[in-house]
Amino acid sequence: MQNRRRKIAMVKSGFTLIEVIVVVAIVGILAAVAWPAYQAQSMKNRRSEAIDDLGRIQVFMRRCYADNGGYECCDNSTMDAFKAANPPPIPPARNYTLTFTPANVNAALPACKTAQGYTVTAVPTGGGLQAGDSCTSFQIDHLGNRTALDAGAAAKPSCWGD
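(A) Region of interest: the sheet that holds strand β1 (residues 96–105). Ordered in space as β1-β2-β3-β4, the four strands form an open sheet in which the pairing is antiparallel. Pairing within the sheet leaves two strands with one partner each, and these edge strands are β1 and β4 (146–149). Averaged over all pairs of adjacent strands, the angle between their axes in this sheet comes to 20 degrees, without regard to strand direction. Summarising the sheet, strand β2 (residues 115–124) and strand β3 (residues 137–141) pair through four bridges and their orientation is antiparallel. Paired with threonine 121 across the strands is glutamine 139, a residue of β3.

(B) Expanded view of unusual backbone geometry. If you check the backbone angles, alanine 153 has positive phi at about 60 degrees while not being a glycine. With respect to the secondary-structure elements, alanine 153 resides in the segment after β4.

(C) Up close: a nonpolar patch on the surface. Where nonpolar side chains cluster on the molecular surface, the patch consists of Ile18, Val22, Ile26 and Leu30 and spans about 390 Å² of accessible area. For isoleucine 18, a relative accessible area of 60% puts it in the exposed group.

(D) Main features of the packing of aromatic side chains. Going through the model one piece at a time under the given rule, you end up with four aromatic pairs. Here tyrosine 96 and phenylalanine 138 contribute two aromatic rings whose centre-to-centre distance is 6.0 Å and whose plane-to-plane angle is 70 degrees, an arrangement assigned as edge-to-face. Residue tyrosine 96 is found in strand β1, and its partner phenylalanine 138 is found in strand β3; the two are separated by 42 residues along the sequence. Each member of the pair, tyrosine 96 as well as phenylalanine 138, is classed as buried. Relative to tyrosine 118, the ring of phenylalanine 100 lies with its centre 6.2 Å away and its plane at 25 degrees, an arrangement referred to as stacked. Taken together, the residues phenylalanine 100 in strand β1 and tyrosine 118 in strand β2 connect sequence positions 18 residues apart.

(E) Fine view of the pattern of salt bridges. Per the counting criterion, the structure on display carries two salt bridges. The closest approach of N and O atoms between aspartate 133 and arginine 47, which form a salt bridge, is 2.8 Å. Taken as a pair, aspartate 133 in the loop between β2 and β3 and arginine 47 in helix α2 (residues 17–68) lie far apart in primary sequence, 86 residues in all. Classification of aspartate 133 by relative accessible area gives buried; the value is 6%. Among the salt bridges present, the one from arginine 56 reaches aspartate 52, with a minimum N-O distance of 3.3 Å. Of this pair, arginine 56 and aspartate 52 both sit in helix α2, four residues apart, roughly one helical turn. The partly exposed category is assigned to arginine 56, whose relative accessible area is 33%. The exposure class assigned to aspartate 52 is partly exposed, which follows from its relative accessible area of 37%.

Rules used throughout
Residues numbered from 1 in each chain as written. Predicted model: local features only at pLDDT ≥ 70, side-chain atom pairs only at ≥ 80, totals over all residues. Heavy atoms only, no water. Pairing = 2+ DSSP bridges. Helix = DSSP H or I, 4+ residues; strand = E, 2+ residues; numbered from the N terminus. Axes fitted to C-alpha atoms, helices over the stretch in contact; angles between N-to-C directions. Patch = residues over 30% accessible without salt bridge, like charges linked within 9 Å, V, L, I, M, F, W, Y side chains within 5 Å. Areas by Shrake-Rupley, 256 points an atom, 1.4 Å probe, with all protein chains shown as cover. Salt bridge = Lys/Arg side-chain N within 4 Å of Asp/Glu carboxyl O. Buried < 20%, exposed > 50% of the residue type's maximum accessible area, 1.4 Å probe, protein only. Phe/Tyr/Trp six-rings, centres within 6.5 Å; stacked < 30°, edge-to-face > 60°.

Right, here's the structure in full:
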């Protein structure tokens, strides 16, 4: 009699195949919903890298202007030298490539003072983690004007995260 009770108890323990299939289906549905949200949040977090770098460069550019009276000598090579000497303020490009473009150029002014303005642009590195991001470029100029563009070159202020 006791043997029979043990056999019945063993037969009733465990999960049925239907229960396992239902659990796997639920986990699959949750993963399908959560993965795109995770990817979107990861891209948004990596955007903060570009925004932070542009802010650091803007501080560097103001310092360079104070030293030189213009932005002409604050070009990419100067920024590269600055990065080598001072790694924390302007880190090397990770997910974004940063470029400097002088503006308001007045050739009548002496060297290093010819450019009285600038624009720094951050674009996702080719084939990088941000390649599919809807925010394709960030710009900041000497006046502090911030611009973010989407793939169609339309302004997209929401990219700045304000």
